[in-house]
Amino acid sequence: MIRATASRRAAVIAWGLAVLIVLPYAVLAFGAFAQQWRYPALLPAGWSMRAWTALAGGGALLDAAGRSAVIALAVSLLSVTAALITSQALAIARHRERMQALALLPFFVSPVVIGMSLQQLLLRSGLDHGALGVLLAQSFIAYAYAVLLMNALWSPTLLAMGDAAAGLGASKLAIWREVWLPAGAGVIAMALFQTFSLSWFDYALARVIGGGRVVTLPIRVFEALSAGDLRVASAGSLLLVLPPAVAFLLARRLVAASPLLKVSQ
Amino acid sequence: MLSSSTDRAARLLFGVATGGVVLLALVVAAAGSVGIIGGIEPAFTTAHWLAVLSTPTLWLSLAYSALIAMASLLPSVLLALLIVLAAGERLRRAPLGALLYLPLAFPGVVAALVAVQVLGGAGWLSRIAHTAGVLAAPEEFPALVQDRIGVGIVITHMLMVTPFFVLLIDRLSTLERLDALAALGRSLGATSAQVLWTIRLPILLRGLTPVCTVYGAALLASFEVPLLIGAQHPAMIAVEIDRHLHPLDLSTQGQGYAMACVHVMLLTGIWWRMSRPAARR
Amino acid sequence: MIAGLDVDGMSKRFDGRPVLDAVSLSVPRGELMAVLGPSGCGKSTLLRGIAGLIAIDSGTVTVAGRRVDHLPVRERGIVYLGQEPLLFPHLDVGGNLAFGLRLSRRPAQEIEDRVRQLVEELGLPGMERRNPADLSGGERQRVAFGRALAIEPAVLLLDEPFSSLDAMTRSRMQGLFRRVARRHAITTVLVTHDLKEALVMGDRFGLMQNGRLLSHPDRAAFAAAPGSGVAAERAFWDLLDTGPSAQSGPAARGHGDRDA
């Protein structure tokens, strides 16, 4: 009897959570497609595809999304490559824990402040206020994040596999190419995805460094929301959250199938 | 694996890209706060510090930020704990097993937009309340967005943070083999309550504390959400700094730098305290 | 004596504490030296130092008459096999066996022939396409061994490679490793804390204690050494023959303790 109640309670909680998680997407969809939704009607009087046609017509939203995607792609490639190399060097360092703790530090300081100081640096080095500046600033944060993710990759097992390969005649480059990259592919793919998201979703750094000149998708959504244009803000938000969500659900299978995870289980 | 000179160079790069960036923030903020950079005509002055330290704006903002961070974090962790304890392995089954990851891909800007549409005066909740006959007009709906207490910010934060902690607590339970340890405890004569208080919670808390510190710091410096759905006064610290750094006239910029300076020092201090015991372990 | 492996005066300190204290050893080509010692005596450090996986403070390593201690791991011609058979998880059994050969860019046909031969020799037929995760402990250890054999190393270092296997598999593996290493004339150093394993596999012997190594050229000399534990082992088996009335030896004492 007690068991039956507990399992029913678990089911109610699980479904309640599922609804709570899906609800925001529904809210955005309503916001984007509703037409003439007067207070206090529970449902809109009609539906409009205007937001969608605005998107398809290559409007400002799509333009911003393209810019965001290019920046995010560059940020993820740059930060993950750098993080791969440095996290391996950290994993074999003497004071590895103390050094790895440093990767957390940038997350303790507001991006507004980090952005402000990097902007000063970029200004003085002549790289101010462009997409490049935004890219560089986001890369610093993404890099620290990728190092945090990669710390889990460098298990004693993976390092020992490098040693085993060296014993079989592999150079450092060959160890990377033949062992570490393929064996860590799942974690690396995850890091690429997460650093891409970090840049794709970033508002603060793009605002402080871009200074309004680099209109990324979050900036565009923010502007629309500030101007009270809920329809464009909602459509832009859908464009912002749906692609990573779909990609994530697909990638989850890939990560679960990662050979390294299988062996360590 | 032996360290090579490339490894040492890589570690140096790491130090510069993490600690160096924060140090740069401190140096720039300090320089700006004494007037060496920024402003109309750079010149050394202590006026900005005097202004910041003598008015309550910074302290109010810091206290408010800490309060909002706590009010967002603690209920989220507690809620997540209850959810994991009550729902158990059900969390890992479809569809929830996959869905739980989705809120991780929900940026502040979008969360704020959803909050406006759900919690706002003419939002979903207000419409439902009206239909149910509780409200006569949208004005009667309590201010949950841009309210002074920050209820909207807290609710939005909670919606973003809770799923993360559900995932984390569930993962920790598996990693620490909590079910096996709980069974062991019961075989040694512990009651369900004793298992919870002497086995599950202490073990979980040990794993959760560092993550909570990092999340608390991130919430303390929350930017987009309070910028969009927070009140003008008091403002959270990142909003307050931003407002001072990018004013219409440059006269308050130095104060923004001074605030940034205090912010960096305070949070670096928290980071230092958190990472020291980890280094000793 | 054909030069196999010579280690001379190898020392290593960790945080000021000596782990290897001027260790010297010499193994002729194709022979197996079994080094016996308790946990933490420096056995693994010795092997890792020889392989170049850790930096040593002083000493030389010579393989087939050639100094190798200044060379990087991959150029020493030494393969180290640890307790865990570290197979590459992204490669199947065949891929693991062929790993070293592919690195040196041998012709595809040669690699294929060699892999087939190894699979045969190690008793792994039909397993070329299997994933390492699907193998048993003994099978994994055989693949790791075969992966080393494929590149025909001059020296093989075995760091308690059978300790995680069950008793039956362990004794089969000991026989197989010994046979194959001898057939390929590979100079081998095995470290273990298992006296029987040392006796079964070794041609010559070493006793390691507190970072120092005492070498014995043959089984008789080793058995006579006071620290080898052979005398205690012999007493145990004597006890089994004569029964507990003998009232002496370690087993009898252990029994008395349990009753008390």
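The shown structure was predicted, so the numbers you read here are calculated from the model rather than taken from an experiment. Throughout this description, residue numbers start from 1 for each chain and increase along the sequence as written. Chains and ligands are labelled sequentially in the order written, the chains with letters from A and the ligands with numbers from 1. Since the coordinates come from a predicted model, pLDDT governs what is reported: local features require at least 70, and pairs of side-chain atoms require 80 or more to be given and counted, while whole-chain, interface and lining totals use all residues. Where side-chain values are given, they derive from all heavy atoms of the structure, hydrogens and water being excluded.

*Asks:* Is there a simple way to think about a nonpolar patch on the surface in this case?
*Replies:* The patches reported here contain residues having more than 30% relative accessible area and no salt bridge. Joining distances are 9 Å for like charges and 5 Å for nonpolar side chains (Val, Leu, Ile, Met, Phe, Trp, Tyr). For the accessible areas, the method is Shrake-Rupley and the probe is 1.4 Å, while residue cover comes only from the protein chains on display. The term salt bridge refers to a side-chain nitrogen of Lys or Arg lying within 4 Å of a carboxyl oxygen of Asp or Glu. There is a patch of nonpolar side chains on the surface, built from A:Val19, A:Leu20, A:Leu23, B:Ile155 and B:Leu159 and spanning about 400 Å² of accessible area. Looking at the nonpolar patch, the elements with two or more residues in it are helix 1 (2-33) of chain A together with helix 7 (151-175) of chain B. In terms of residues, the nonpolar patch owes the most to one element, helix 1 of chain A, which gives three residues. Comment: elements are numbered from the N terminus, with helices defined as DSSP H or I runs of at least four residues and strands as E runs of at least two. Within the secondary structure, B:Ile155 is located in helix 7. The exposure class assigned to B:Ile155 is partly exposed, which follows from its relative accessible area of 30%. Burial classes follow relative accessibility: with a 1.4 Å probe on protein chains only, a residue under 20% of its type's maximum area counts as buried, one over 50% as exposed, and anything between as partly exposed.

*Asks:* Got a minute to help me understand the packing of helix 2 (residues 93-103) of chain C against helix 3 (residues 108-121) of chain C in this structure?
*Replies:* Axes are the key here: two packed helices are described by the angle between their axes and the distance separating the axes. Residue and element names in this part refer to chain C. Axis lines are fitted through C-alpha atoms, for helices just across the contact stretch, and the angle between N-to-C directions can take any value from 0 to 180 degrees. The N-to-C vectors of helix 2 and helix 3 enclose an angle of 130°; their axes lie 10 Å apart at closest approach. Here helix 2 lies oblique to helix 3, going by the angle between them. For helix 2 against helix 3, the interelement crossing comes out right-handed. Along its contact with helix 2, which presents Gly94, Leu97, Ala98, Leu101 and Arg102, the element helix 3 presents Ile111, Arg114, Val115 and Val119. When residues are grouped by polarity, Ala, Val, Leu, Ile, Met, Phe, Trp, Tyr, Cys and Pro land in nonpolar, Asp, Glu, Lys and Arg in charged, and all others, Gly among them, in polar. Here the contact of helix 2 with helix 3 is composed, by residue class, of six nonpolar, one polar and two charged. The labels follow the angle: roughly parallel below 35 degrees, roughly antiparallel above 145, roughly perpendicular from 65 to 115, and oblique for the rest. Here a crossing is called left-handed whenever its near helix is offset anticlockwise from the far helix by less than a right angle, and right-handed whenever the offset is clockwise. The contact criterion used is simple: two residues touch if any of their non-hydrogen atoms lie within 4.5 Å.

*Asks:* What's the story with the pairing of strand 10 (residues 212-216) of chain C in this structure? I'm lost.
*Replies:* Every regular strand shows the same layout, with side chains that alternate between the two sheet faces. All names here are of chain C. For two strands to count as paired, DSSP must find a minimum of two bridges between them. Taken together, the five bridges between strand 9 (residues 204-209) and strand 10 define a ladder with antiparallel strand orientation. In the sheet register, Gln209 faces strand 10, and the bridge partner there is Arg212. Connecting strand 9 to the next strand, strand 10, in antiparallel fashion are two residues, including Asn210 with a positive phi near 50°.

*Asks:* Any chance you could explain empty space enclosed by the protein here in plain terms?
*Replies:* Picture a little ball the size of a water molecule; that probe, rolled over the atoms, points out where space is still empty. Points on a 1 Å grid over protein atoms alone make up a cavity when a 1.4 Å probe fits among them but cannot get out, and a pocket when they form an open set with protein on both sides within 12 Å along at least five of seven lines; lining residues each have an atom within 4 Å of a point. Grid points are joined across faces, edges and corners, and a volume is the space filled by probe spheres set on the points. One pass over the full model with this rule turns up one cavity of 30 Å³ or more. Space inside the largest cavity adds up to approximately 60 Å³. In terms of lining residues, the largest cavity is bounded by A:Ala14, A:Trp15, A:Ala18, B:Arg90, B:Arg93, B:Ala94, B:Pro95 and B:Leu96. When residues in the lining of the largest cavity are grouped by element, the largest group, three residues, is from helix 1 of chain A. Across the lining of the largest cavity, the residue classes break down as six nonpolar, no polar and two charged.

*Asks:* I would appreciate a short explanation of helix 5 (residues 108-119) of chain B in the present structure.
*Replies:* At 3.6 residues per turn, the α-helix brings residues three or four places apart onto the same side. Helix length check: helix 5 of chain B, at twelve residues, gives a terminal C-alpha distance of 15 Å against a target of 16 Å (1.5 Å per residue), a fit within 8%. Within helix 5 of chain B, eleven of the twelve residues are buried, leaving the element largely enclosed by the surrounding structure. Given a helix with a known number of residues, its expected span is that number minus one, times 1.5 Å.

*Asks:* I'm lost on the domain arrangement of chain A in this one. Help?
*Replies:* Note on interface size: it is often stated as the accessible area lost on association of the parts. Residues and elements named next belong to chain A. Marked domain ranges trace back to an automatic or database domain assignment. Structurally, chain A comprises domain 1 (1-48) and domain 2 (58-263). With centres defined by C-alpha atoms, the gap from domain 1 to domain 2 works out at 32 Å. Listed per partner, the contact involves nine residues of domain 1 and nine residues of domain 2. Considering only the surface of domain 1 that becomes buried against domain 2, Tyr25, Leu28 and Ala32 emerge as the three largest contributors, covering 67% of it. At the junction of domain 1 with domain 2, the criterion picks out zero salt bridges. Polar contacts here mean pairs of N or O atoms no more than 3.5 Å apart (in protein, one a potential hydrogen donor and the other a potential acceptor; neighbouring residues in sequence count only if both atoms are side-chain atoms). At the junction of domain 1 and domain 2, the tally comes to one residue pair in polar contact (both at pLDDT 80 or more). Elements supplying a minimum of two residues to the side of domain 1 that touches domain 2: helix 1 and strand 1 (34-35). Of the residues forming the side of domain 1 that touches domain 2, the biggest block, six residues, is contributed by helix 1. Residue composition of the side of domain 1 that touches domain 2, by class: six nonpolar, three polar and no charged. Buried area, as used here, totals the accessible surface that two parts lose on assembly, with accessibility defined by a 1.4 Å probe and the loss added over both.

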